[in-house]
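Take a look at the letters that make up each chain.
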Amino acid sequence: MIAELSRNRQVKDYLCSFFSIEENELIYAREHSLEAGLKAIAVPSNVGKMLYLLCRLQNPKKILEIGTLGGYSTLWLAKGMHPEGRLITLEREEKHIQIAREHFERAGFENRIELRQGEAEGLLKQMVAENEPPFDLIFIDADKENYPVYLDLTLALSRPGTLILSDNLIPKRGEILEPDPRDTEAVSIYDFNARMAAHPRLESMLFPTIVGENGRVDALGVALVHS
Ligand code: SAH
Ligand code: MG
């Protein structure tokens, strides 16, 4: 197990140093988020680059992100969107919003990224109620317990062809598919995965990722809405 993890960490370092070179504003957003006391739970650069590339392939004019933190993943997505693209990101913590706003300004994205403060579920329901036109790409990365709720609400904000990405789909703890029933995050993630895999409107796969200091295997969900 230890040997496996250390090899995983080497693979992660290799991917990061060869393939996901960060521009200055991304380095700043990552480092300053930590200095400002935010938790080290942003996507690593290897996953940021996957988000960016998936975005380039989709060429979205309209992106929705759930869970901003310091805006590190937001910036990878924003860099990959259509030149006239706009992004809405949802976050409940005022402190995170203020830090993220500074990062968006530094990167020159302040007019193309809109921060909305509040509980994501309520904000999403409001968008559905107001007939918000569908998004081209959606990235789910907030509280894991609510992922199943976010799946239904993001589908209501999708069109055929929308790409729904979701982070952290392999729970940290427990045997695969056999989480401790008290581990509500893990239970929700397996529920989300099962529903995504079987959903009649989605074609989906989990793209394994290597994350964290120790090279843990996680996954990024990639789901294409087809009807
Ligand atoms: N996407 C970021 C990391 C997000 S961490 C990145 O990779 O760079 C998850 C964020 O979601 C945290 O900032 C947390 O405050 C926010 N969050 C958690 N639950 C939420 C909820 N119910 N509504 C809105 N935001 C929430
Ligand atoms: Mg995440």
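Throughout what follows, the structure given in this document is the object of discussion.

**Remarks on the packing of aromatic side chains**
At step 1: All told, the structure shown has 5 aromatic pairs when counted by the stated rule.
At step 2: Each ring, one from Tyr14 and one from Phe18, has its centre 5.0 Å from the other, and the planes form 50°; the classification is tilted. Placement of the pair is Tyr14 and Phe18 together in helix H1 (residues 2-19), with a separation of 4 residues, close to one helical turn.
At step 3: The exposed category is assigned to Phe18, whose relative accessible area is 57%.
At step 4: On the numbers, 5.2 Å between centres and 65° between planes, the contact of Tyr147 with Phe192 is edge-to-face. Placement of the pair is Tyr147 in helix H7 (residues 147-156) and Phe192 in helix H8 (residues 184-198), with a sequence separation of 45 residues. Neither residue differs from the other here; Tyr147 and Phe192 are each classed as buried.
At step 5: Through a chain of ring-to-ring contacts, the aromatic side chains of Tyr14, Phe18 and Phe19 assemble into a single cluster.
At step 6: The ring centre of Phe135 lies 4.1 Å from the NZ or CZ of Lys62, which sits over that ring.
At step 7: Above the plane of the ring of Tyr28 lies Arg106, whose end atom (NZ or CZ) is 3.7 Å from the centre.

**Focus on the site of ligand 1**
At step 1: Taken together, 20 residues lie around ligand 1, and Val43, Ser73, Glu91, His96 and Asp141 are the ones closest in.
At step 2: Taking Ala120, its main chain carries an N or O atom lying 2.9 Å from a nitrogen atom of ligand 1.
At step 3: Protein chains shield 94% of the accessible area of ligand 1, which is 580 Å² for the free molecule.
At step 4: Taken together, the residues of the shell around ligand 1 sort by class into 8 nonpolar, 5 polar and 7 charged.

**Considerations on helix H5 (residues 94-106)**
At step 1: The terminal C-alpha atoms of H5, which comprises 13 residues, lie 19 Å apart, in line with the 18 Å expected from a rise of 1.5 Å per residue.
At step 2: Buried within H5 we find His96, Ile97, Ile99, Ala100, His103 and Phe104.
At step 3: Residues of H5 that are buried in the fold lie against helix H2 (24-35), helix H4 (72-80), strand S2 (86-91) and strand S3 (113-117).
At step 4: Positioned one or two residues after H5, Gly108 has a phi angle of 75°, which is positive.

**As for the coordination of the magnesium ion (ligand 2)**
At step 1: Protein coordination at the magnesium ion (ligand 2): the donors are Asp141 (OD), Asp167 (OD) and Asn168 (OD1), at 2.1 to 2.2 Å from the metal.
At step 2: Taken in sequence order, the residues that donate to the magnesium ion (ligand 2) follow the motif D-x25-D-N. Taken as a pair, Asp141 in the loop between strand S4 (137-140) and H7 and Asn168 in the loop between strand S5 (163-166) and H8 lie far apart in primary sequence, 27 residues in all.
At step 3: Look at Asp141 and you get buried, because its relative accessible area is 14%.

**Let's talk about the pattern of salt bridges**
At step 1: A complete count under the given rule lists 15 salt bridges for this structure.
At step 2: Ionic pairing is found between Lys125 and Glu121, a salt bridge with its closest N-O pair at 2.8 Å. Linking Lys125 with Glu121, this pair stays in helix H6 (residues 120-129), spanning 4 residues, or about one helical turn.
At step 3: A relative accessible area of 44% means that Lys125 is categorised as partly exposed.
At step 4: Residue classification places Glu121 among the partly exposed positions, given a relative accessible area of 26%.
At step 5: A salt bridge links Asp152 to Arg195, with the nearest nitrogen and oxygen atoms 2.7 Å apart. One end of the pair, Asp152, is in helix H7; the other, Arg195, is in helix H8, with 43 residues separating them in the sequence.
At step 6: It is possible to trace a salt-bridge network through shared partners that takes in Glu23, Glu25 and Lys79.

Cut-offs and rules
Residues numbered from 1 in each chain as written. Chains lettered and ligands numbered in written order. Predicted model: local features only at pLDDT ≥ 70, side-chain atom pairs only at ≥ 80, totals over all residues. Heavy atoms only, no water. Phe/Tyr/Trp six-rings, centres within 6.5 Å; stacked < 30°, edge-to-face > 60°. Helix = DSSP H or I, 4+ residues; strand = E, 2+ residues; numbered from the N terminus. Buried < 20%, exposed > 50% of the residue type's maximum accessible area, 1.4 Å probe, protein only. Lys NZ or Arg CZ within 6 Å of the ring centre and 35° of its normal. Near = heavy atom within 4 Å. Polar contact = N/O pair within 3.5 Å; in protein donor to acceptor, adjacent residues only side chain to side chain. Areas by Shrake-Rupley, 256 points an atom, 1.4 Å probe, with all protein chains shown as cover. Nonpolar A, V, L, I, M, F, W, Y, C, P; charged D, E, K, R; others polar. Expected span 1.5 Å × (residues − 1). Contact = heavy atoms within 4.5 Å. Donors = N, O, S within 2.8 Å, 3.2 Å for Na, K, Ca; no water. Salt bridge = Lys/Arg side-chain N within 4 Å of Asp/Glu carboxyl O.

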